[in-house]
Amino acid sequence: MMSEFDVSLYSDIEPLPIETGLDNELCQIMYTDEYKQVIGIARRLISNGEFSERALDLTSCVIDLSPAFYTIWNYRFNIVTALMAVSGDIEAFLNKELDWLDEVTLNNPKNYQIWSYRQALLEVHPNASLKRELPVLEMMIDEDTKNYHVWSYRKWCVQKFNDFTNEFQFADSLIEKDIYNNSAWTHRMFVLKNLTSNKNEDNWNEQLKKETIDFEIEYAKQKITLCPQNVSSWNYLRGILDKYFDEDYTINGIDEFAIQYIDNIFEKNESELTETNSTNLPQLKSSYALQFVADGYSRIPDKKNMAIKAYKSLSIKYDPIRRGLWNHMISKLSA
Amino acid sequence: MPSELKLHKEKHIQYIDSLDKKQSDFEYWLSEHLRLNGVYWGLTALSLLNAKDTFKREDVIKFVLSCFDDQYGGFAPFPKHDGHLLSTLSGLQILATYNSLDALTVIRREKCIKFIKGNQLPDGSFQGDRFGEVDTRFSYNALSSLSILGELSSDVVDPAVDFILKCYNFDGGFGSCPGAESHSAQVFTCLGALAIVNKLDRLSDHQIEEIGWWLCERQLPEGGLNGRPSKLPDVCYSWWVLSSLAVIKKLDWINYEKLRNFILQSQDEVKGGISDRPDNEVDVFHTVFGLAGLSLMGFDDLVPIDPAYCMPCSVTKEFKVYPY
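As the structure is a prediction and not an experimental result, all values here were calculated from the model.

S.K.: How should the overall build of chain A be read in this particular structure?
M.R.: Scanning chain A for helices and strands turns up 15 helices and zero strands. In terms of overall dimensions, chain A is more spread out than a globule: its C-alpha atoms have a radius of gyration of 28 Å, far above the 20 Å expected for 335 residues. For chain A, the spread of C-alpha atoms along the three principal axes comes to 85 × 60 × 35 Å. Counting all 335 residues of chain A, 55% fall into the buried class. Considering only contacts within chain A whose residues lie at least 6 apart along the sequence, 66% involve residues at least 24 apart. Carbon and sulfur atoms form 48% of the exposed surface of chain A, whose accessible area is close to 15400 Å². Mean positive and mean negative side-chain charge positions of chain A (35 and 51 charges, respectively) differ by 8 Å.

Laid out in structure tokens, this is it:
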């Protein structure tokens, strides 16, 4: 056990047993004696409203045994609130609590209550800093590169401290490790949107915004070139064009960039784009490129027929599992 | 190679029934913090299999009521735990499924409503409890709970919808809060919530198309659905993704046969139950969502399920439709 449990410190406490009050134990569980003892004492302390050091230690034990026991985290927060007020040095007290939390975090990578607890601590911390948060965030993402809660917490942190200086680079380091990491790509979009929003007061002028957006387009193209069949990089590119270029998928030759991955599909006749002929159609490097071009062209009246061809190819060969969707797009355009 | 795949209904009923008989599987879903949710999953699965009476109704209702948090209002996942929106919804869903919402006293009903509404924040979002965690899951829990109680109102709904829409992402999905990564479960909670309060028209046709694309892109070549791009398929997404598609009326964008095969291959033919993917350990969570997915697709003669509420249609058709 992580924390030493000295039951003699709680000898005055009569444990409150776990009881569902049911005869047929629909919801009973096989508890170990240690668990029963510790939980029994914890329940009594909660019911007595005790917010002491020994109560704090006890919650450490419970969390060690049962890290998802949500109510105990709530209780611990109440204890921390009470103790920090009388500690004489709130900052030091909370830093010690964060140290404890770091260790619990590393031992319980799948636990998501930890992150909302951490957020609550930071919100009462008189002198919180992003710098202090970065190491544990990096370690946790290193271990589980798509951990939803850690990425969410990271976003909350950078917004709270309004400090995006590390974020593009951080996202890039994860994309370098795994170009398919959708969490990293999402993070990149989050950063881009925040930096280019009108709310950003960090002396961002229009020129700087434009340069950043252009850079991100090149970044996406570069990663697509490395790995063309990657939904995350294509989504990122589309997201930028949707937001900053009014959904125009032909600006700056982007459609030509995408077309290099779709092997003259547009030169095929209607008669060649059938299921029976699908084995004669070429293998493509990227079905996402085909969809990208199709979507872009679907918005341009004199390119409608090319879009239909592209959707048809997707339906019969390049992404047949989603033929319901592709047929919908074809119907819409044919109307 | 398995013989022709079939749904082993009797085995699944036996599996769920065995969960209350102190088997070692037990601690799997019966950790206290999930207890009430677990009962809801089990009961819903049995309902889909037309075997609701496998659980003893009176015992379950008694247990649900023992989970009520009289101090703060709402249901806790287990007696003497803190009330939370997650377990509050489960408690209400179980009572509604048993047509026993009147088992709640007037005072408790009022406390429950107060608890739910009291957790709404100024930006329209909901925290799970006074501890402060915000997530669109809690928006869904709150709106569905109030809907079951027939207590929706525009002062709650309108800001809630505004917040949900802020969670719509560049790729067509929804996240747990604005800017968070799109995730199938969050898409379900956002769309389900909008459906329950009849505000799907806040989404444009174009957005609906994007959402539909994001959802059907979850289907992998073998037929299973994943929760996010480039992740492994998991049977529970048969529910989150499928119900979302059902809500926006694009169910046919998924290949049914392949998904059905994936779900059926994830069964344990010996002891019953369904797991997250073939050859893994089963649990009641994946059992209910696998069955729910099959029901939505109309397979295997299962009881019809409401995609927005994840409860039998026979129950949800009694709910008051908002706006009242």
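Back to the text.
S.K.: Honestly, the environment of Trp-234 of chain A in this entry has me stumped. Any pointers?
M.R.: All names here are of chain A. Assignment of secondary structure puts Trp-234 in helix α11 (residues 231-244). In this structure Trp-234 comes out as buried when scored by relative accessible area, which is 1%. A sequence separation of 58 residues divides Trp-234 from Phe-292, and the C-alpha atoms of the two residues are 7.9 Å apart. Among all residues touching Trp-234, those that are not within four sequence positions of it are Ile-224, Pro-228, Phe-257, Ala-258, Tyr-261, Ser-286, Tyr-288, Ala-289 and Phe-292.

S.K.: Where do I start with the packing of helix α13 (residues 287-298) of chain A against helix α14 (residues 304-318) of chain A in this structure?
M.R.: The angle between the axes and the distance between the axes are what describe a pair of packed helices. Residues and elements named next belong to chain A. Their axes nearest at 8 Å, the elements α13 and α14 cross at an angle of 150 degrees. For the element pair α13 / α14, the angle class is roughly antiparallel. Where α13 crosses over α14, the two elements pack in a sense that is left-handed. Counted together, Ser-287, Leu-290, Gln-291, Ala-294, Asp-295, Tyr-297 and Ser-298 of α13 and Lys-304, Met-306, Ala-307, Ala-310, Tyr-311, Ser-313, Leu-314 and Tyr-318 of α14 form the full contact between these two elements. A class-by-class count of the residues in the contact of α13 with α14 yields nine nonpolar, four polar and two charged.

S.K.: What is the right way to look at the pattern of salt bridges in this model?
M.R.: Pairing is possible between side chains of opposite charge, provided their charged atoms come close. This model, assessed by the stated rule, comprises 34 salt bridges over all chains. Here Glu-58 of chain B makes a salt bridge to Arg-57 of chain B, at a shortest N to O gap of 4.0 Å. Assessed through its relative accessible area of 34%, Arg-57 of chain B is described here as partly exposed. The network of salt bridges with common partners includes Asp-99, Asp-102, Arg-118, Arg-132 and Glu-133 of chain A.

S.K.: I would appreciate a short explanation of the environment of Thr-316 of chain B in the present structure.
M.R.: Residues and elements named next belong to chain B. Examined against the element boundaries, Thr-316 turns out to sit in helix α14 (residues 313-316). Look at Thr-316 and you get buried, because its relative accessible area is 8%. As a C-alpha pair, Thr-316 and Thr-44 span 272 residues in sequence and 13 Å in three-dimensional space. The contact partners of Thr-316, leaving out residues within four places of it in the chain, are Asp-306, Tyr-309 and Met-311.

S.K.: Would you explain the packing of aromatic side chains in this entry?
M.R.: Aromatic ring pairs: the centre-centre distance and the angle between the two ring planes describe each pair. All names here are of chain A. Enumeration according to the criterion identifies 32 aromatic pairs over all chains in this entry. Arranged with centres 5.7 Å apart and planes meeting at 80 degrees, the rings of Phe-257 and Tyr-261 form a pair that is edge-to-face. Judged by its relative accessible area of 10%, Phe-257 is buried. A residue is classified by how much of its surface remains accessible, and Tyr-261, at 7% relative accessible area, is buried. Centroid distance Tyr-311 to Trp-326: 5.9 Å. Interplanar angle 20 degrees. Geometry classified as stacked. In this pair, Tyr-311 is assigned in helix α14 and Trp-326 in helix α15 (residues 323-334), connecting sequence segments 15 residues apart. Comparing Tyr-311 with Trp-326, the two get one shared label, buried.

Calculation rules
- Residues numbered from 1 in each chain as written.
- Chains lettered and ligands numbered in written order.
- Predicted model: local features only at pLDDT ≥ 70, side-chain atom pairs only at ≥ 80, totals over all residues.
- Heavy atoms only, no water.
- Helix = DSSP H or I, 4+ residues; strand = E, 2+ residues; numbered from the N terminus.
- Rg over C-alpha atoms; globule rule 2.2 N^0.38 Å.
- Buried < 20%, exposed > 50% of the residue type's maximum accessible area, 1.4 Å probe, protein only.
- Contact = heavy atoms within 4.5 Å.
- Areas by Shrake-Rupley, 256 points an atom, 1.4 Å probe, with all protein chains shown as cover.
- Lys, Arg positive; Asp, Glu negative; His and termini not counted.
- Charge placed at Lys NZ, Arg CZ, Asp CG, Glu CD.
- Axes fitted to C-alpha atoms, helices over the stretch in contact; angles between N-to-C directions.
- Parallel < 35°, antiparallel > 145°, perpendicular 65-115°, else oblique.
- Left-handed = near helix turned anticlockwise from the far one by under 90°.
- Nonpolar A, V, L, I, M, F, W, Y, C, P; charged D, E, K, R; others polar.
- Salt bridge = Lys/Arg side-chain N within 4 Å of Asp/Glu carboxyl O.
- Phe/Tyr/Trp six-rings, centres within 6.5 Å; stacked < 30°, edge-to-face > 60°.

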